[in-house]
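Each chain, letter by letter, is given below.
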Amino acid sequence: MHIVIKLFGVPLSCPITNSMNIWFSCFLFIIVTPAHIVRLYDRFEALDKEKTGHLRPQDFGAINRLAMNPIGDRIIGAFFSPGQETVDFHSFVRILAHFRPADKKHPKDPSMPEPVNSRTSKLKFAFQLYDQDKDGKISRAELLQVLRSMLEMQVTEEQLESIADRTIQEADLDNDDAISFEEFRKSLEKVNIDHKMSIRFLR
């Protein structure tokens with residue numbers, strides 16, 4: 001069985017028996033390279049209507065792709081730390097840098113911190129969009145919240161619950177009825193993360 005999800009006017013085929021498609025089909029992701037910095041600053045300034053040098057959550061509403069995304073609020077929330085009300089350009093670029101393709105030509109220096117665009121960092125970012133209570137696990141209820149946002153108009157509640165149960169069953173290795181980060185990572189070990197997290201953000 002396939003469900004077609006429309007994101008930004010583009011239909012995406014989503015086999016509901018495959019959990020890796022569930023994980024990534026709903027998100028808006030961004031490619032950031034050094035050549036984009038100037039354009040990103042122009043974009044930042046265009047969003048900063050009051051010219052304060054900072055963006056508020058509501059300023060992101062001017063981005064059509066986010067406004068149309070079923071979980072746009074969660075993606076916007078990722079730009080802000082708990083209690084933080086605005087984000088400056090440095091923080092704006094730092095978040096977007098998660099989605100710059102990883103540099104596979106140069107070996108990782110073990111003495112350096114994990115790059116923000118490493119596979120692990122990308123997966124952690126995706127994981128936190130599901131794990132809304134920050135307890136380190138994706139519960140059935142949290143997964144259902146995302147699925148309802150994505151598919152509520154296309155399937156019945158019974159079908160949504162079936163998709164959630166099947167996804168957890170495939171990924172839950174310790175049988176606690178939830179998905180830990182390590183289980184999330186393992187369920188996606190064959191997925192090309194750079195490809196999945198590569199929808200354009202710039203105009």
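In this text the structure is predicted, and so the values were computed from the model without any measurement.

Draft legend 1. Summary view of helix α8 (residues 157-171). End to end, α8 covers 21 Å across 15 residues, agreeing with the expected 21 Å (1.5 Å per residue, within 8%). The complete set of buried residues in α8 reads Leu160, Ile163, Ala164, Thr167, Ile168 and Ala171. Down the axis, α8 shows its buried residues gathered within 125° of arc, on one side only. Turned more than 90 degrees away from the buried face of α8, the exposed residues are Glu158 and Gln169.

Draft legend 2. Spatial organisation of the packing of helix α2 (residues 37-47) against helix α5 (residues 89-96). Orientation of α2 relative to α5, taken along the N-to-C sense of each, is 125°, at an axis distance of 11 Å. The angle between α2 and α5 places the two elements in the oblique class. Regarding α2 and α5, the two cross each other, and that crossing is right-handed. From α2, Ile37, Leu40, Tyr41 and Phe44 reach across to α5, where they touch Phe89, Phe92, Val93 and Leu96. Tallied by class, the residues present in the contact of α2 with α5 amount to 8 nonpolar, no polar and no charged.

What counts, and where the lines are drawn
Residues numbered from 1 in each chain as written. Predicted model: local features only at pLDDT ≥ 70, side-chain atom pairs only at ≥ 80, totals over all residues. Heavy atoms only, no water. Helix = DSSP H or I, 4+ residues; strand = E, 2+ residues; numbered from the N terminus. Expected span 1.5 Å × (residues − 1). Buried < 20%, exposed > 50% of the residue type's maximum accessible area, 1.4 Å probe, protein only. Arc of directions from axis to C-beta. Axes fitted to C-alpha atoms, helices over the stretch in contact; angles between N-to-C directions. Parallel < 35°, antiparallel > 145°, perpendicular 65-115°, else oblique. Left-handed = near helix turned anticlockwise from the far one by under 90°. Contact = heavy atoms within 4.5 Å. Nonpolar A, V, L, I, M, F, W, Y, C, P; charged D, E, K, R; others polar.

The values reported here are purely geometric and, on their own, carry no functional implication.
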